[in-house]
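One letter stands for each residue in the lines below.
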Amino acid sequence: MVLIDGKETAMEIKQEIAEEVKQMIARGEKQPHLAAILVGHDGGSETYVAHKVKACAECGFKSTLLRFEDDVTEEELLNAIDGLNHDADVDGFIVQLPLPRHIDEQKVIEAIDYKKDVDGFHPINVGRMSIGLPCFRSATPQGILTLLERYGIETSGKHCVVLGRSNIVGKPVAQMLLQKDNPGNCTVTVCHSATEDLPRQCRRADILIAAIGQPGFVKANMVKKGVVVIDVGTTRLPSTTTKSGFKLHGDVDFDEVAPMCSFITPVPGGVGPMTICSLMKNTLLAAQHKVYK
Ligand code: GUN
């Protein structure tokens, strides 16, 4: 069994990006600039955004964090987005999700200029991705594909089972692995809350991607021997053994499932760090005008 080290892989990629940024600056080009909008004080969102700001520094990017309180109005948020859309110094930006309930998340996503949508959530980017056109691909699915590629895991002709149909992970990763591309060219099954006999579907997987947000959901009797398991779960549960008072839990019962696997990602240190490094890669591409002119 090979443990897929997302932390190490992300570090390598961030170093590659930093090298490229050095060369851009030596050529007199502009420093890439990522902005982030954070609403409220959700612990998970605070942590993710702090990691994104830190990753910008590691890559040699400029970063700007715009903070709003929970009671921000939709109009104020849309105005901030309009400002970033028109700020020539900002190459790309994200609005950290989830947003408070009184704000229409989809309206916010669609207000972002798709040419600066480095999260790849705008319907133009989602649509272009699904038909294989150049676009910003959303960060978590892209991070998963990068891990499969860097670990030399064959995907062509393999049966990939995706657990979960979220717009952020399940649907896009299924679309990406379906593309006639490498990584890709998979036969893809997407399972969800209404799927019948889920364990049987999971046992058919050569590659199992778990993205349902239920800690320890995937058990040993749900996988076949030699499976590649990608665990996207990041449920924060209280813990007395960590400094933060929280511990991240994946969707896979690691101790039970790992002995069955050819490859498996840990939580933390698997997909999580790759999400951030895919966002950095998208920001670099935005600054270089390599996706949209
Ligand atoms: N919330 C959970 N994952 C993400 C992500 O990839 N981007 C944003 N903006 N919010 C998230």
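This text follows the structure it describes.
Residues numbered from 1 in each chain as written. Predicted model: local features only at pLDDT ≥ 70, side-chain atom pairs only at ≥ 80, totals over all residues. Heavy atoms only, no water.

Engineer: A description of unusual backbone geometry should follow, citing residues and the corresponding values.
Structural biologist: A cis amide bond links Leu97 to the next residue, Pro98, at an omega of 0°. Counting through the fold element by element, Pro98 comes out in the loop between strand 4 (92–95) and helix 4 (105–111). Following Asn182, the chain continues to Pro183 via a peptide bond in cis, the omega torsion being 0°. Relative to the helices and strands, Pro183 is located in the loop between helix 7 (170–178) and strand 6 (187–191). With a phi angle near 55°, His289 is a residue other than glycine that sits in the positive phi range. (Helix = DSSP H or I, 4+ residues; strand = E, 2+ residues; numbered from the N terminus.)

Engineer: For the sheet that holds strand 1 (residues 2–3), give the residues involved together with the corresponding values.
Structural biologist: Overall, parallel pairing links the 6 strands, which are arranged 1-11-8-7-5-6 in an open sheet. This sheet does not close on itself; its edge strands, each paired only once, are strand 1 and strand 6. Where strand 8 (residues 227–231) meets strand 11 (residues 261–264), 3 bridges bridge the pair, whose relative direction is parallel. Paired with Val228 across the strands is Phe263, a residue of strand 11. (Pairing = 2+ DSSP bridges.)

Engineer: I'd love a proper account of the packing of aromatic side chains, names of residues and values included.
Structural biologist: One pass over the full model with this rule turns up 3 aromatic pairs. On the numbers, 5.7 Å between centres and 70° between planes, the contact of Phe136 with Tyr292 is edge-to-face. In this pair, Phe136 sits in the loop between helix 5 (123–130) and helix 6 (139–150) while Tyr292 sits in the segment after helix 10 (271–287), placing the two residues 156 residues apart along the sequence. Residue class for Tyr292 comes out buried when judged on its relative accessible area of 11%. Aromatic ring contacts, followed pair by pair, group Tyr114, Phe136 and Tyr292 into a single cluster. (Phe/Tyr/Trp six-rings, centres within 6.5 Å; stacked < 30°, edge-to-face > 60°. Buried < 20%, exposed > 50% of the residue type's maximum accessible area, 1.4 Å probe, protein only.)

Engineer: Run through a negative patch on the surface, naming residues and quoting values.
Structural biologist: Residues Asp42, Glu69, Asp70, Asp71, Glu75 and Glu76 make up a contiguous surface patch of negative charge. One can find Asp71 in the loop between strand 3 (62–68) and helix 3 (74–85). Residue classification places Asp71 among the exposed residues on the basis of a relative accessible area of 63%. (Patch = residues over 30% accessible without salt bridge, like charges linked within 9 Å, V, L, I, M, F, W, Y side chains within 5 Å. Areas by Shrake-Rupley, 256 points an atom, 1.4 Å probe, with all protein chains shown as cover. Salt bridge = Lys/Arg side-chain N within 4 Å of Asp/Glu carboxyl O. Lys, Arg positive; Asp, Glu negative; His and termini not counted. Charge placed at Lys NZ, Arg CZ, Asp CG, Glu CD.)

Engineer: Which residues make up the site of the ligand, and what values do they have?
Structural biologist: Every residue lining the ligand is accounted for by Lys52, Val95, Gln96, Leu97, Asp119 and Phe121. Gln96 has a polar side-chain atom sitting 3.4 Å from a nitrogen atom of the ligand. Contacts to the ligand include Leu97, whose backbone N or O atom sits 3.0 Å from a nitrogen atom. Starting from 280 Å² of accessible surface for the ligand in isolation, the protein chains cover 83%. Tallied by class, residues from the shell around the ligand come to 3 nonpolar, 1 polar and 2 charged. (Near = heavy atom within 4 Å. Polar contact = N/O pair within 3.5 Å; in protein donor to acceptor, adjacent residues only side chain to side chain. Nonpolar A, V, L, I, M, F, W, Y, C, P; charged D, E, K, R; others polar.)

Engineer: Summarise the nonpolar core; cite the residues concerned and give the values.
Structural biologist: Counting residues in hydrophobic clusters, the biggest one holds 51 residues, and the most contacted among them are Ile209, Ile230 and Met280. Looking at this core, the element that brings in the most residues is helix 10, giving 9 residues. In contact with Met280, not counting residues within four places along its chain, are Ile17, Leu34, Lys52, Ala55, Cys56, Cys59 and Phe61. (Core = buried A, V, L, I, M, F, W, Y, C linked by side-chain atoms within 4.5 Å. Contact = heavy atoms within 4.5 Å.)

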